[in-house]
Amino acid sequence: MTLADTVSDTPQHRSRPYRVAVANNKGGSGKTATTINLAAALAEAGYYVLVVDLDPQANASRRLNYVHDPANPQPTVSEAIKADIEGVAADAFAEIGWPEPYSERITLLPSRTDLENRTLEAGVLGAVLRLKKALDGADNDFDIVLIDCPPNLGHLTQLALAASDFVLCVMDPEYDGIDGAVTLRGFVDSKAALLHNPGLQMAGYIVDRVDTRTGAHRFQVETTIPELFGDDLWQPIIPERVAVKDAADAAPPRPLRALGRDGEDMATRFDQLAARLADRIGLALPTGVK
Ligand SMILES: Nc1ncnc2c1ncn2[C@@H]1O[C@H](COP(=O)(O)OP(=O)(O)O)[C@@H](O)[C@H]1O
Ligand SMILES: [Mg+2]
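As recorded by an unreviewed UniProt entry, the protein carries the name Chromosome partitioning protein and is attributed to Streptosporangium subroseum.

(A) A look at the overall build of the protein. Counting its regular elements, the protein contains eleven helices and seven strands. Relative to its length of 290 residues, the protein is compact, with a C-alpha radius of gyration of 18 Å against a globular reference of 19 Å. The principal-axis extent of the C-alpha atoms belonging to the protein is close to 50 × 40 × 40 Å. Partitioning the intrachain contacts of the protein with sequence separation of at least 6 by distance along the chain shows that 83% fall at a separation of at least 24. Accessible surface computed for the protein: about 12,300 Å², of which carbon and sulfur atoms make up 50%. The distance from the centre of the 28 positive side-chain charges to the centre of the 41 negative ones in the protein is 2 Å.

(B) Expanded view of the site of ligand 1. Around ligand 1, the structure places 16 residues, and the nearest of them are Gly28, Lys31, Ala33, Arg63 and Asp208. In this structure, an oxygen atom belonging to ligand 1 sits 2.8 Å away from a main-chain N or O atom of Gly28. A distance of 2.8 Å separates an oxygen atom of ligand 1 from a polar atom in the backbone of Ala33. Compared with its free state, where it exposes 560 Å², ligand 1 has 88% of that area covered by protein. Put simply, the parts of the chain that give the shell around ligand 1 at least two residues each are helix H2 (31-44) and helix H10 (242-249). Looking at which element gives the most residues to the shell around ligand 1, the answer is H2, with three residues. Grouping the constituent residues of the shell around ligand 1 by class yields four nonpolar, five polar and seven charged.

(C) The arrangement of the environment of Val20 in detail. Within the secondary structure, Val20 sits in strand E1 (residues 18-23). Separated by 116 residues in sequence, Val20 and Asp136 have C-alpha atoms that sit 14 Å apart. Dropping the residues within four chain positions of it, Val20 is found in contact with Ile144, Val145, Leu146, Ile147, Ser164, Phe166, Leu168, Leu277 and Ile281.

(D) Inspection of the packing of aromatic side chains at higher detail. If you walk through the whole model with that rule in mind, you get four aromatic pairs. Consider the rings of Tyr18 and Phe166, whose centres lie 5.7 Å apart with planes at 65°: the pair is edge-to-face. On the criterion of sequence distance, the pair formed by Tyr18 in strand E1 and Phe166 in strand E6 (residues 166-171) is long-range, its members being 148 residues apart. The pair formed by Tyr18 and Phe166 is uniform in burial state, with each residue classed as buried. Ring geometry for Tyr205 versus Phe229: centroids 4.1 Å apart, planes at 25°, classification stacked. Pair noted here: Tyr205 is in strand E7 (residues 201-207) and Phe229 is in helix H9 (residues 215-229), with a separation of 24 residues, a long-range link. Accessibility assignment for this pair places Tyr205 and Phe229 in one class, buried.

(E) Region of interest: the side chain of Lys31. Looking at the secondary structure, you find Lys31 in helix H2. Polar side-chain contacts of Lys31 include one of 2.6 Å to the backbone oxygen of Lys26. Look past the residues within four positions of Lys31 in its chain and what remains in contact with it is Val22, Ala23, Asn24, Lys26, Asp148, Cys149, Pro150, Pro151 and Val170.

(F) Geometry of the pattern of salt bridges. If you walk through the whole model with that rule in mind, you get 18 salt bridges. Of the charged contacts in the structure, one is a salt bridge between Arg257 and Glu44, with a shortest N-O distance of 2.4 Å. Pair noted here: Arg257 is in the loop between H10 and helix H11 (260-281) and Glu44 is in helix H2, with a separation of 213 residues, a long-range link. On the basis of relative accessible area, Arg257 is assigned to the partly exposed category, the value being 26%. As a salt-bridge pair, Asp271 and Arg257 come within 2.7 Å of each other at their nearest N and O atoms. Of the two residues, Asp271 sits in helix H11 while Arg257 sits in the loop between H10 and H11, which places them 14 residues apart along the sequence. Connected through shared salt-bridge partners, Asp84, Arg118, Glu121, Arg130 and Lys133 make up one network.

About the cut-offs
Residues numbered from 1 in each chain as written. Chains lettered and ligands numbered in written order. Predicted model: local features only at pLDDT ≥ 70, side-chain atom pairs only at ≥ 80, totals over all residues. Heavy atoms only, no water. Helix = DSSP H or I, 4+ residues; strand = E, 2+ residues; numbered from the N terminus. Rg over C-alpha atoms; globule rule 2.2 N^0.38 Å. Contact = heavy atoms within 4.5 Å. Areas by Shrake-Rupley, 256 points an atom, 1.4 Å probe, with all protein chains shown as cover. Lys, Arg positive; Asp, Glu negative; His and termini not counted. Charge placed at Lys NZ, Arg CZ, Asp CG, Glu CD. Near = heavy atom within 4 Å. Polar contact = N/O pair within 3.5 Å; in protein donor to acceptor, adjacent residues only side chain to side chain. Nonpolar A, V, L, I, M, F, W, Y, C, P; charged D, E, K, R; others polar. Phe/Tyr/Trp six-rings, centres within 6.5 Å; stacked < 30°, edge-to-face > 60°. Buried < 20%, exposed > 50% of the residue type's maximum accessible area, 1.4 Å probe, protein only. Salt bridge = Lys/Arg side-chain N within 4 Å of Asp/Glu carboxyl O.

Dropping the structure here:
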């Protein structure tokens, strides 16, 4: 199955693109790796993607080779949220530092450590809607928005959930990663209305960082995870492979397909997951140059 085979040819007739929060109540589960590599797969297929880095660790920003210059500071997602102005996110959109076609089709709303300061506003009435407000009117020219969440269900993740149409959960196949996924699902089910977003839906569940040599991983992937998530569990699983780390930690960081055969093998898996995502949310065919 390729992305082109599965995407709907029905126009979206929407004023703004679907927004997908990539989340789990657990760090190190592969959220950022999945966000970046799904964005790459979608861009290769011709889609225009906005990646919102909503983690103060700013891993997505760094891995997309966005370079923060302290001598020439630019606004980031933190300022966009703080401003509390509709459409203001556009002022903080940044280019990524990957080659074409990624640099043309992936735009970044970058993060810095000071994003953590936004959590101080959690008690302010209506503050949970500030990311939505910042994006509304700013992201209309993208086909899809992927929001890379921090590893918890606190205020920053709640900003993402309030702004999104779908939640995509990424888990590693260990107890805590699976537990984090179950907690996320329960949170979305029970709190979406309180986040002023009752239509929010789980899109699906991706398993990353699978070490097929580890018996416990095999058991979780073959038994526990399918029992818990059924048809919402997406295939293929993503194995733990050096290429993913090498792409993320290269100087400069680069897309998987720049890493030869091992990178290509992993990128193909993300192509299949991107196809599933497109199918799940009813993404229209790429609209071409915008
Ligand atoms: N499939 C994979 N194979 C190898 N390393 C991976 C894989 N997926 C993620 N990683 C690495 O594991 C670490 C945690 O992944 P990351 O995407 O940062 O998780 P999260 O965003 O959920 O905290 C990072 O060093 C990342 O490069
Ligand atoms: Mg991350």
